[in-house]
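# A structural walkthrough
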Amino acid sequence: MGRRKWFTTFIFIVGFVEVLLFYLFKMGKNRTRKVGITGKYGTRYGATLRKLLRKVEVSQHATYRCTFCGKDSVKRTNTGIWSCKSCKKVVAGGAYSLSTASAVTVRSTIARLRKIQSESA
């Protein structure tokens, strides 16, 4: 009788461990499949705001291509400060992305004006 009780307890523990592992590995990896990085906010703040925030947070944590060495190793260190891990260059940029839309516009305008100036001179 003692062996049977021990065996039943053992089977119960093995079943419990199997269920626990299933939830940890199978269910755990799909926990934030739809919402991504904003899963940490749960159901708070509304779906539209979470979608907007997801776009910002994904661009904030992404790695960007370095204009100096050409490697994908530029990451954000502080607000508006971006540093390359490989060549150790530090660049000022946007708060959430390396270059802002207005910076791209200014850069293209300056390039166009330089081209016009070099053609006229």
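Details of the structure are given in the entry above.
The model shown is predicted, which means the values in this text are computed figures rather than measured ones. (Residues numbered from 1 in each chain as written. Predicted model: local features only at pLDDT ≥ 70, side-chain atom pairs only at ≥ 80, totals over all residues. Heavy atoms only, no water.)

Time to look at the overall build of the chain. Secondary structure assignment for the chain yields three helices and four strands. By the burial criterion, 12% of the 121 residues in the chain qualify as buried. Within the chain, contacts between residues at least 6 apart in sequence are counted, and of these 10% link residues at least 24 apart. Counting only carbon and sulfur atoms, one obtains 62% of the accessible surface of the chain, whose full area is about 10,200 Å². (Helix = DSSP H or I, 4+ residues; strand = E, 2+ residues; numbered from the N terminus. Buried < 20%, exposed > 50% of the residue type's maximum accessible area, 1.4 Å probe, protein only. Contact = heavy atoms within 4.5 Å. Areas by Shrake-Rupley, 256 points an atom, 1.4 Å probe, with all protein chains shown as cover.)

Two aromatic rings are characterised by how far apart their centres lie and by the angle between their planes. Evaluation of the coordinates by the stated rule reveals two aromatic pairs. Here the aromatic rings of tyrosine 41 and tyrosine 45 are separated by 5.8 Å at their centres, their planes lie at 80°, and the arrangement is edge-to-face. Note on tyrosine 41: relative accessible area 18%, which makes it buried. Tyrosine 45 gets classed as exposed once you look at its relative accessible area, which sits at 55%. Note on tyrosine 64 and tryptophan 82: the rings are 5.3 Å apart at their centroids and 90° apart in plane angle, and the pair reads as edge-to-face. Of this pair, tyrosine 64 sits in strand 1 (residues 64–65) while tryptophan 82 sits in strand 3 (residues 81–84), placing them 18 residues apart in sequence. Given the relative accessible area of 21%, tyrosine 64 is considered partly exposed. Judged by its relative accessible area of 0%, tryptophan 82 is buried. (Phe/Tyr/Trp six-rings, centres within 6.5 Å; stacked < 30°, edge-to-face > 60°.)

Take the sheet that holds strand 4 (residues 90–92) next. Ordered by their spatial adjacency, four strands build an open sheet running 1-2-3-4, and the pairing between neighbours is antiparallel. Of all the strands in the sheet, the pair left with one neighbour each is strand 1 and strand 4. Relative to strand 2 (residues 72–78), strand 1 is paired through two bridges, and the arrangement is antiparallel. From the neighbouring strand, arginine 65 faces strand 2, where its bridge partner is aspartate 72. (Pairing = 2+ DSSP bridges.)

Everything listed is a geometric property; what it means functionally is a separate question.
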